[in-house]
2 protein chains.
Amino acid sequence: MRNFLIAVLAFVAGTAFAADPLSSWNDAGPKKAIVQFVEKVTKRGSPDFVPVAERIATFDNDGTLWSEQPMYFQLFYVVDRVKALASKHPEWKTKEPFASLRKGDMKGALAGGERGLLELVMATHAGMTTEEFEKSVTGWITTAKHPGTGKPFTAMVYQPMLELLAYLRANGFKTFIVSGGGIEFMRPWTERVYGVPPEQVIGSSGGLQYEFRNGKPVIVKLPQLVHNDDKEGKPVAIQRHIGRRPIAAFGNSDGDFAMLEWVTSGPGARLGLIVHHDDAGREVAYNRKSHVGRLDRGLDEGPKRGWIIVSMKGDWRTIFPAEKP
Amino acid sequence: MRNFLIAVLAFVAGTAFAADPLSSWNDAGPKKAIVQFVEKVTKRGSPDFVPVAERIATFDNDGTLWSEQPMYFQLFYVVDRVKALASKHPEWKTKEPFASLRKGDMKGALAGGERGLLELVMATHAGMTTEEFEKSVTGWITTAKHPGTGKPFTAMVYQPMLELLAYLRANGFKTFIVSGGGIEFMRPWTERVYGVPPEQVIGSSGGLQYEFRNGKPVIVKLPQLVHNDDKEGKPVAIQRHIGRRPIAAFGNSDGDFAMLEWVTSGPGARLGLIVHHDDAGREVAYNRKSHVGRLDRGLDEGPKRGWIIVSMKGDWRTIFPAEKP
């Protein structure tokens, strides 16, 4: 009975995977390296075999799974929230960075650097319960459009990376997001868009407080940054949330350097991969000097460390998913 | 083909579950309520049906999955660490709470309350890399014995709760631990003992820092408490790690009250359960006045809120797993 069942399962699996699971990847070095890595860690008896429980892969989000230009997409949400909340905050007419932002002057609004940015995020994210915030994000992400492309933001995800996520999961990997973006900004839609459930999303996070509103327990978002999930904050958050070292990591900027370094310096087979934005025609070309998603050290040191540098222009057949007819 | 495969799978599953999955539970109210809850949330078409992705269950550890008397088992690790490190810390001969602890005077050592306790934990847990700490805990837990029973601590887990964990997982639940104990003290052994992987363990946690030692990246445990995973800290940690409200929660003390309250006040079918330590013969009887695992408010309010109060004496056929021959 058991052997028969295995034969049936093998037949079904064989049918399902007859098509190329990475069909949006050109048959070049990066695709070959990914497939080789997956085959050796999943092959029983191979010296590089990794048990299913330890097949953990972590993905940055902005610039790795979806676009991030001309600014992180979460900031478009912030802008729309500031506009929506403006009538309740007359003081924002003159107070920076709100005043610049209301006039559409993003450069002025972001002139205050990280501190001003944090103030904007806190003013627009905190005070709500986590469930109110979830509703707000869900409503926004299903209607808002990117000003450059006119597409919904969730249509600006990378088709080759969606295939990679699915390919890894089909091979027993648990896929996590480890992003500088807000943990609660991502969770409402990552399951639908990436197949990554909320409990596998790690990000920057604010304070939370358990309290009662209208006689019911709620969790309220506080205006304080508890964890900045960037650079060295990424391996730290991986340790806190996952509790073991992943065997594969995917990023696109120097903000992912420490995560790739941590992941690829463990024992056994390891995969580190950097998405290089070099396709001005189909997306945006930027690297060493970009304010958003700067990639400098990773471009120099990555290859020496055995990390794969993916050329979006050369290695990807398509960038975005085909639009639904 | 597909229908046939389903039939084969159903046959195999039917065989596997012919035996009672909760055989250590007496056929009383609590067992019936658990089975009824699981059947209604897993039955397609039922008004209470819950999709697999939302079947999240959270378990307290100390006193819920394993014993906690005469003190939290993690403290036995602390005592052994203080003894092991004593030669490197001559100042502990006179400095409290170390001096009392070295003399075996636990009451004196814990006289300083939470602050003294925290000092003990920090002195014995911090400074190590997370991988060194994991090795230390793994070594200790496989050799240390409970002074009262002479058993390994991991043999003092509750057989009925092991069955409950497995039963829920067999019904599509993802099981998480949400404990006041240290997150990194639990992770090295929860997968082997409870079937709960590290990424599904939530607990109290200290600061972490990414740094280099001997030219290699490591994560070092810092002597600071970042999250106290008790009382209102539990729903907050559930939100941060899981990002959605569980539908079932299991605890044993008033430290779990907020978690049960948060979980059972959501919409749809919910299960809240409290393990009541009332079995002086087979374990230890304690509740309202205990310093460890005090259960007072939960005993009064739990039944009014529809929570199941499990009598260890009356509802459990066995307490601990049978010893291997």
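Predicted model, so just to flag it, every value in this text is computed and none were measured.

Rules of the game
Residues numbered from 1 in each chain as written. Chains lettered and ligands numbered in written order. Predicted model: local features only at pLDDT ≥ 70, side-chain atom pairs only at ≥ 80, totals over all residues. Heavy atoms only, no water. Pairing = 2+ DSSP bridges. Helix = DSSP H or I, 4+ residues; strand = E, 2+ residues; numbered from the N terminus. Axes fitted to C-alpha atoms, helices over the stretch in contact; angles between N-to-C directions. Contact = heavy atoms within 4.5 Å. pLDDT = per-residue confidence, 0-100. Buried area = accessible area lost by both parts, 1.4 Å probe. Salt bridge = Lys/Arg side-chain N within 4 Å of Asp/Glu carboxyl O. Polar contact = N/O pair within 3.5 Å; in protein donor to acceptor, adjacent residues only side chain to side chain. Phe/Tyr/Trp six-rings, centres within 6.5 Å; stacked < 30°, edge-to-face > 60°. Buried < 20%, exposed > 50% of the residue type's maximum accessible area, 1.4 Å probe, protein only. Lys NZ or Arg CZ within 6 Å of the ring centre and 35° of its normal.

Observations concerning the sheet that holds strand S4 (residues 216–227) of chain A
Judged by pairing direction, the sheet is mixed, and its 7 strands sit side by side in the order S4-S3-S2-S1-S5-S6-S7 (chain A) without closing on themselves. Both edges of this open sheet fall to S4 and strand S7 (308–311) of chain A, since each of them pairs with a single strand only. Each strand axis lies, on average, 30° off the axis of its neighbour in the sheet, ignoring direction. For strand S5 (residues 248–251) of chain A and strand S6 (residues 271–276) of chain A, the ladder comprises 4 bridges, and the chain directions are parallel. Directly across from Ala 249 of chain A, in S6 of chain A, lies its bridge partner Gly 272 of chain A. Against the sheet, helix H8 (residues 159–170) of chain A contacts strand S1 (56–59), strand S2 (174–182), S5 and S6 of chain A, and its axis sits at roughly 165° relative to S1 of chain A. Strands strand S3 (201–213) and S4 of chain A of the sheet are contacted by helix H10 (residues 233–241) of chain B, whose axis makes an angle of about 150° with S3 of chain A.

Details of the sheet that holds strand S6 (residues 271–276) of chain B
All names here are of chain B. Spatially, the 7 strands line up as an open sheet ordered S4-S3-S2-S1-S5-S6-S7, and their pairing is mixed. Two strands close off the open sheet at either side, each with one partner strand: strand S4 (216–227) and strand S7 (308–311). When the angles between neighbouring strand axes are averaged without regard to direction, this sheet yields 30°. Of the strand pairs in this sheet, strand S1 (residues 56–59) and strand S5 (residues 248–251) are connected by 3 bridges, and their pairing is parallel. If you follow Ala 57 over to S5, its bridge partner there is Ala 248. Taken strand by strand, helix H8 (residues 159–170) contacts S1, strand S2 (174–182), S5 and S6, and its axis lies near 165° from that of S1. Of the strands in this sheet, S2, strand S3 (201–213) and S4 touch helix H9 (residues 183–194), which is tilted by about 115° from S3.

Considerations on the confidence of the model for chain A
Atom-level detail of predicted coordinates should not be read off regions where pLDDT is low. Looking at chain A as a whole, the pLDDT averages 93, with 94% of positions reaching at least 70. Here the predicted complex carries an ipTM of 0.92, next to a pTM of 0.93.

Side note on the interface of chain B and chain A
Listed per partner, the contact involves 46 residues of chain B and 46 residues of chain A. Both faces combined, the contact of chain B with chain A buries some 3800 Å², and carbon together with sulfur accounts for 60% of it. Interface area lost by chain B to chain A is led by Glu 199, Tyr 210 and Arg 240 of chain B, which between them contribute 19%. The tally of links from chain B across to chain A stands at 8 salt bridges. In this structure, Arg 244 of chain B and Glu 199 of chain A form a salt bridge, with 3.3 Å as the shortest nitrogen-oxygen distance. Here chain B and chain A share 26 residue pairs in polar contact (both at pLDDT 80 or more) between them. Residue assignment for the side of chain B that touches chain A shows that the elements contributing at least two residues are helix H1 (2–16), helix H7 (130–141), S2, H9, S3, S4, H10 and helix H11 (257–264) of chain B. Tallying contributions element by element places S3 of chain B first for the side of chain B that touches chain A, with 7 residues.

Description of the packing of aromatic side chains
What the rule picks out here adds up to 42 aromatic pairs over all chains. Centre to centre, the rings of Phe 185 of chain A and Trp 189 of chain A are 6.5 Å apart; their planes meet at 80°, and the pair counts as edge-to-face. Pair noted here: Phe 185 of chain A and Trp 189 of chain A are both in helix H9 (residues 183–194), with a separation of 4 residues, about one helical turn. As far as the burial class goes, Phe 185 of chain A and Trp 189 of chain A line up, both buried. Sitting over the ring of Phe 257 of chain A, Arg 297 of chain A keeps its end group 3.8 Å from the ring centre. The side chain of Lys 221 of chain B reaches across the aromatic face of Phe 133 of chain B, ending 4.5 Å from its centre.

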